[in-house]
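Spelled out, the chains give:
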Amino acid sequence: MKKFLLLTDKHESALHVFIKKACEEYVVKPTDGLKFYICDTEMFCEMLLGLLLEVAESENPMYKHSSKLREMAKNLKGTPLYGRELNHLKKYVNTNTELHLEGYVTFRMEELKGKLDLMVYSLVKKIKFGGKD
């Protein structure tokens, strides 16, 4: 088992829900974030990538108001882009002991955030020229 620390500035409730699903044993320390032990790195990283995708969506205001965009983002699972992001996350988790959610999304998930922005552009273009969602 590996000790790991997750930090966040804006997504504390989502982080608490994630930890309860991902790991049975964790210790809440308000000043330090959430410390816990990773039992299964593979499963943990798959679940964490889902949380990071949620954070990336919440950073883009268009996703808050469009169920179509949120549905499109869920369809990223199974794509080569999602696989690459998962591999990068596994390497990160294996070599580090802490992760800041917003920081990781901002600085390490540029390709995925670009894809989310492209989906917004595509949907807006479709609405503008096609007249439907």
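Predicted model, so just to flag it, every value in this text is computed and none were measured. (Residues numbered from 1 in each chain as written. Predicted model: local features only at pLDDT ≥ 70, side-chain atom pairs only at ≥ 80, totals over all residues. Heavy atoms only, no water.)

The next point concerns the packing of aromatic side chains. Tallied over the full model, the rule gives three aromatic pairs. Between Phe 18 and Phe 44, the ring centres sit 5.7 Å apart and the planes meet at 55°, which makes this aromatic pair tilted. Placement of Phe 18 in helix 1 (residues 12-22) and of Phe 44 in helix 2 (residues 41-59) is noted, with a sequence separation of 26 residues between them. A residue is classified by how much of its surface remains accessible, and Phe 44, at 2% relative accessible area, is buried. (Phe/Tyr/Trp six-rings, centres within 6.5 Å; stacked < 30°, edge-to-face > 60°. Helix = DSSP H or I, 4+ residues; strand = E, 2+ residues; numbered from the N terminus. Buried < 20%, exposed > 50% of the residue type's maximum accessible area, 1.4 Å probe, protein only.)

Another aspect to go through is the environment of Glu 59. Position of Glu 59 among the secondary structure elements: in helix 2. Accessibility expressed as a relative area gives 33% for Glu 59, which makes it partly exposed. For the pair formed by Glu 59 and Thr 106, sequence separation is 47 residues and the distance between their alpha carbons is 9.3 Å. When sequence neighbours within four positions are dropped, the list of residues in contact with Glu 59 reads Lys 10, His 11 and Glu 102. (Contact = heavy atoms within 4.5 Å.)

Moving on: the nonpolar core. Of all hydrophobic cores here, the largest spans 38 residues; its most connected members are Leu 6, Phe 44, Leu 48 and Leu 99. Per-element tally for this core: the top contributor is helix 2, with nine residues. (Core = buried A, V, L, I, M, F, W, Y, C linked by side-chain atoms within 4.5 Å.)

Below, the discussion takes up the packing of helix 2 against helix 5 (residues 80-95). Put simply, helix 2 and helix 5 touch, their axes get as near as 9 Å, and they point 120° apart. Relative to helix 5, the element helix 2 is oriented oblique. Pair helix 2 / helix 5 crosses with right-handed handedness. Where helix 2 approaches helix 5, its residues Thr 41, Glu 42, Phe 44, Cys 45, Glu 46, Leu 48, Leu 49, Gly 50 and Leu 52 are matched on the opposing element by Tyr 82, Glu 85, Leu 86, Leu 89, Lys 90, Val 93 and Asn 94. (Axes fitted to C-alpha atoms, helices over the stretch in contact; angles between N-to-C directions. Parallel < 35°, antiparallel > 145°, perpendicular 65-115°, else oblique. Left-handed = near helix turned anticlockwise from the far one by under 90°.)

Attention shifts here to the pattern of salt bridges. The tally for this structure, following the rule as stated, stands at three salt bridges. When the shortest N-O distance is used, the salt bridge between Glu 59 and Lys 10 registers 3.6 Å. Placement of Glu 59 in helix 2 and of Lys 10 in the loop between strand 1 (2-7) and helix 1 is noted, with a sequence separation of 49 residues between them. Notably, a salt bridge pairs Lys 90 with Glu 42, separated by 2.7 Å at the nearest N-O pair. You can see Lys 90 sitting in helix 5 and its partner Glu 42 sitting in helix 2, a full 48 residues away along the chain. Judged by its relative accessible area of 38%, Glu 42 falls in the partly exposed class. (Salt bridge = Lys/Arg side-chain N within 4 Å of Asp/Glu carboxyl O.)

Let's shift gears to the packing of helix 1 against helix 2. The interhelical angle for the contact between helix 1 and helix 2, taken along N-to-C directions, is 160°, at an axis separation of 11 Å. Here helix 1 is positioned roughly antiparallel relative to helix 2, judged by the angle of their axes. Of the two elements, helix 1 crosses helix 2, and the hand of that crossing is right-handed. Touching Ala 14, Leu 15, Phe 18, Lys 21 and Ala 22 of helix 1 are Met 43, Phe 44, Met 47, Leu 48, Leu 51 and Glu 54, all from helix 2. Class assignment for the residues of the contact of helix 1 with helix 2 results in nine nonpolar, no polar and two charged. (Nonpolar A, V, L, I, M, F, W, Y, C, P; charged D, E, K, R; others polar.)

What follows concerns the confidence of the model for the protein chain. Residues with a pLDDT of 70 or more make up 87% of the protein chain, whose mean pLDDT is 81. Predicted confidence in the protein chain is weakest over strand 2 (residues 26-29), with a mean pLDDT of 55, and strongest over helix 5, with 93. (pLDDT = per-residue confidence, 0-100.)

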